[in-house]
Amino acid sequence: PQLQESSAGCVEKKFLGAFRMNTSPGHKLQREGTLNKVHRRFLLVRQATPSSLMENEIPPPSFVQGSIDMIKSKPLYWLLLVVPIAFAAAPLGLNPAWVFTLCCIGILPLAGLLGDATEQVALHTNETLGGLLNATFGNATELIVCFFALQQGLLNVVQVSLLGSILSNTLLVLGCSCVAGGIMCGPQVKFNVVAAQANTTLLQIAILGLIIPTAMESVGQLVPHGSVDLQLSRTISCLLLLLYGMYVYFQLFTHRQLFETGVPVKAEADVGSASEEEERPLLSLRGGLLWLTGATVAIAFMSESLTGSIEAAAESFKLSQTFVGFVIIPIIGNAAEHSTAIVMAAKGKMDLAFGVALGSSTQIALFVVPTMVLIGWLIGQPLDLYFGIYETVITFLSALIVSHVVPDGETNWLEGMMLLMSYTIICYAFFFYHSDTGHTISVT
């Protein structure tokens, strides 16, 4: 690898030197286009050594200017004006329905800002670590919201919101990504089949951890929230966390080369275009981390008001807590990776899009769910892995559908529509579904 990088660096320097020698205006456009080709040609080498920088790389702008450019890049950030109002809604004693609505609106731009900040950090890394960062901080919203809901004893809301997050990523986010990639990048879009199959297999193993308590309850071998149920759930949670740690080690260290990607599909199609611009970071690594921290803290405060108003808001809107937890909260929380995955898919970076969507689902199932079970153990809330027969069966069938989409290593817009229609059917069914455990359960 060192010899390959050295040879690649020599060839690249020859190309750059040759084009720097000719500074006439007539050759400017041709020079820029050829340099873009050189950058694409050595993309894999640069991913293997992300710290190596090109001699002529333009540094990111200042923190203030980069922040302004990032905020101005999306109309969604106009909703940041709602954030102060949402913070003040609960202290001012507004109706819980208004508090819930304002908090949902406020979390949307904050989740999007968290996603953009994560992407800025990811630009300073390789695509594998970038996908992991996007999925991790995209799930920070769900983790924070579930923590405050768990503190208030809303166990059913926590459970259905976690399942809703898994399905919204595997069906909604992945479906939209397949549609965007299929429309923008050709009839058949390829992706890293090794990474996709690893994620779907891990997801099915995590669902196995939900099926076992459900099956035992159905044959009368355990009582929900009983001692056997809690002991079984906590043991399975520890094993799932151990498996998640092994997967991270497998992905980032021992088999990292299997998850590295090459030139994006769209870049290959447009390789002759001289007008294409390289994606440059707007923030430095430190600036991106600062925005990540600020957005996470803001979401934490917003989540406290959101979870405190769920019960009254659901009653005011004539909706069950199950529907609110399964549909509304996951969509709000998944806004970050949803937008990121669709944008990456439209650019032809299907590996990153699949890494965000499937990787996020895997992290929720293997990391967030077990973590919430153990946190509930620490704070005295009997959260277990018995999520109900109906919820568990739907989650298993959804994972089964996704497993039939990824084996061939390529996708199209029709497969994306299949996933979207599946998600729509499930959400509509949950509109009529009322869980028998949809009441507040608290242990003091």
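Everything numeric here is computed off the predicted structure, so don't read it as measured data. (Residues numbered from 1 in each chain as written. Predicted model: local features only at pLDDT ≥ 70, side-chain atom pairs only at ≥ 80, totals over all residues. Heavy atoms only, no water.)

1. Focus on the overall build of the chain
Part 1 of the reasoning: Of regular secondary structure, the chain possesses 19 helices and two strands.
Part 2 of the reasoning: Taken over 444 residues, the chain has a buried fraction of 51%.
Part 3 of the reasoning: The contacts in the chain between residues at least 6 apart in sequence include a share of 85% that link residues at least 24 apart.
Part 4 of the reasoning: As displayed, the chain offers around 20,200 Å² of accessible surface, 68% of which is attributable to carbon and sulfur atoms. (Helix = DSSP H or I, 4+ residues; strand = E, 2+ residues; numbered from the N terminus. Buried < 20%, exposed > 50% of the residue type's maximum accessible area, 1.4 Å probe, protein only. Contact = heavy atoms within 4.5 Å. Areas by Shrake-Rupley, 256 points an atom, 1.4 Å probe, with all protein chains shown as cover.)

2. Some words on the packing of helix H10 (residues 193-218) against helix H17 (residues 350-379)
Part 1 of the reasoning: Contact geometry for H10 and H17: axes closest at 9 Å, N-to-C directions at 25°. In this view, H10 runs roughly parallel relative to H17, as classed from their interaxial angle. Like other packed secondary-structure pairs, H10 and H17 cross with a definite hand, here left-handed. Residues Ala196, Asn199, Thr200, Leu202, Leu203 and Ala206 of H10 form the contact with H17, whose own contacting residues are Phe354, Leu358, Gly359, Ser361, Thr362, Ala365 and Leu366.
Part 2 of the reasoning: Considering only residue class, the contact of H10 with H17 consists of eight nonpolar, five polar and no charged. (Axes fitted to C-alpha atoms, helices over the stretch in contact; angles between N-to-C directions. Parallel < 35°, antiparallel > 145°, perpendicular 65-115°, else oblique. Left-handed = near helix turned anticlockwise from the far one by under 90°. Nonpolar A, V, L, I, M, F, W, Y, C, P; charged D, E, K, R; others polar.)

3. Details of unusual backbone geometry
Part 1 of the reasoning: Residues other than glycine seldom take positive phi values, yet His225 does so here, at roughly 65°.
Part 2 of the reasoning: Note on placement: His225 falls in the loop between H10 and helix H11 (227-254).
Part 3 of the reasoning: When its relative accessible area of 29% is taken as the criterion, His225 is described as partly exposed.
Part 4 of the reasoning: Its identity as a non-glycine residue notwithstanding, Lys318 has a phi of 60°, on the positive side.
Part 5 of the reasoning: With respect to the helices, strands and loops of the structure, Lys318 is situated in the loop between helix H14 (310-316) and helix H15 (321-333).
Part 6 of the reasoning: Classification of Lys318 by relative accessible area gives exposed; the value is 72%.

4. Quick notes on the nonpolar core
Part 1 of the reasoning: Grouped together as the largest cluster of nonpolar side chains are 100 residues, with contacts concentrated most on Leu162, Leu174, Phe326 and Phe354.
Part 2 of the reasoning: A per-element tally of this core places helix H9 (residues 155-184) first, with 16 residues.
Part 3 of the reasoning: Setting aside chain neighbours within four positions, we find Phe354 in contact with Leu174, Cys178, Phe191, Ala196, Gly359, Val406 and Thr411. (Core = buried A, V, L, I, M, F, W, Y, C linked by side-chain atoms within 4.5 Å.)

5. Things to note about the pattern of salt bridges
Part 1 of the reasoning: Counted according to the given criterion, the structure contains one salt bridge.
Part 2 of the reasoning: Lys190 is the salt-bridge partner of Glu410, the closest N and O atoms lying 3.1 Å from each other. Within this pair, whereas Glu410 is found in strand E2 (residues 410-411), its partner Lys190 is found in strand E1 (residues 189-190), the two being separated by 220 residues in sequence. (Salt bridge = Lys/Arg side-chain N within 4 Å of Asp/Glu carboxyl O.)

6. Some details on the state of the cysteines
Chemically, a disulfide is nothing more than a covalent bond linking the sulfur atoms of two cysteines.
Part 1 of the reasoning: The tally for this structure, following the rule as stated, stands at zero disulfides.
Part 2 of the reasoning: With no disulfide of its own, Cys178 has Cys176 as its nearest cysteine by sulfur position, at a separation of 9.4 Å.
Part 3 of the reasoning: With relative accessibility at 0%, the residue Cys178 sits in the buried group. (Disulfide = S-S within 2.5 Å.)

7. A short note on the confidence of the model for the chain
Part 1 of the reasoning: Of all residues in the chain, 77% have pLDDT values of 70 or greater, and the mean over the chain is 77.
Part 2 of the reasoning: Here residues 262-277 is modelled with pLDDT under 50, and outside its nearest four sequence neighbours on either side it reaches 31 contacts, counting other chains as well.
Part 3 of the reasoning: Low confidence marks residues 437-444, where pLDDT is under 50. Its contacts with residues over four positions away, or in another chain, come to 16 contacts. (pLDDT = per-residue confidence, 0-100.)

8. Regarding a nonpolar patch on the surface
Part 1 of the reasoning: Side chains of Ile183, Met184, Trp413, Leu414 and Met418 sit close together on the surface and give an oily, nonpolar patch of about 550 Å² of accessible area.
Part 2 of the reasoning: Examining the composition of the nonpolar patch, we find that three residues originate from one element, helix H19 (residues 413-432), more than from any other.
Part 3 of the reasoning: Within the secondary structure, Trp413 is located in helix H19. (Patch = residues over 30% accessible without salt bridge, like charges linked within 9 Å, V, L, I, M, F, W, Y side chains within 5 Å.)

9. What about helix H6 (residues 96-122)?
Part 1 of the reasoning: Taking 1.5 Å per residue, 27 residues should reach 39 Å; H6 reaches 38 Å between its end C-alpha atoms and fits that length.
Part 2 of the reasoning: Where H6 begins, the side chain of Asn95 points an oxygen toward the backbone nitrogen of Ala97, at a separation of 2.8 Å. (Expected span 1.5 Å × (residues − 1). Polar contact = N/O pair within 3.5 Å; in protein donor to acceptor, adjacent residues only side chain to side chain.)

10. Quick notes on H10
Part 1 of the reasoning: Taking 1.5 Å as the rise per residue, H10 with 26 residues should run 38 Å; its terminal C-alpha atoms sit 36 Å apart, in good agreement.
Part 2 of the reasoning: Put simply, Asn192 is the residue that caps the front of H10, since its side-chain oxygen is 3.1 Å from the backbone nitrogen of Val194.
Part 3 of the reasoning: Phi turns positive one or two residues past the end of H10, at Gly220, with a value near 75°.

11. A word on the packing of H10 against helix H18 (residues 389-403)
Part 1 of the reasoning: Where H10 contacts H18, the axes come no closer than 10 Å and their chain directions differ by 155°. By the angle class used here, H10 and H18 are roughly antiparallel. In this structure, H10 meets H18 at a crossing whose hand is left-handed. Contacts from Thr200, Leu203, Gln204, Ile207, Leu210, Ile211, Thr214 and Ser218 of H10 reach H18 at Ile389, Thr392, Thr395, Phe396, Ala399, Leu400, Val402 and Ser403.
Part 2 of the reasoning: For the contact of H10 with H18, the class distribution of residues is nine nonpolar, seven polar and no charged.

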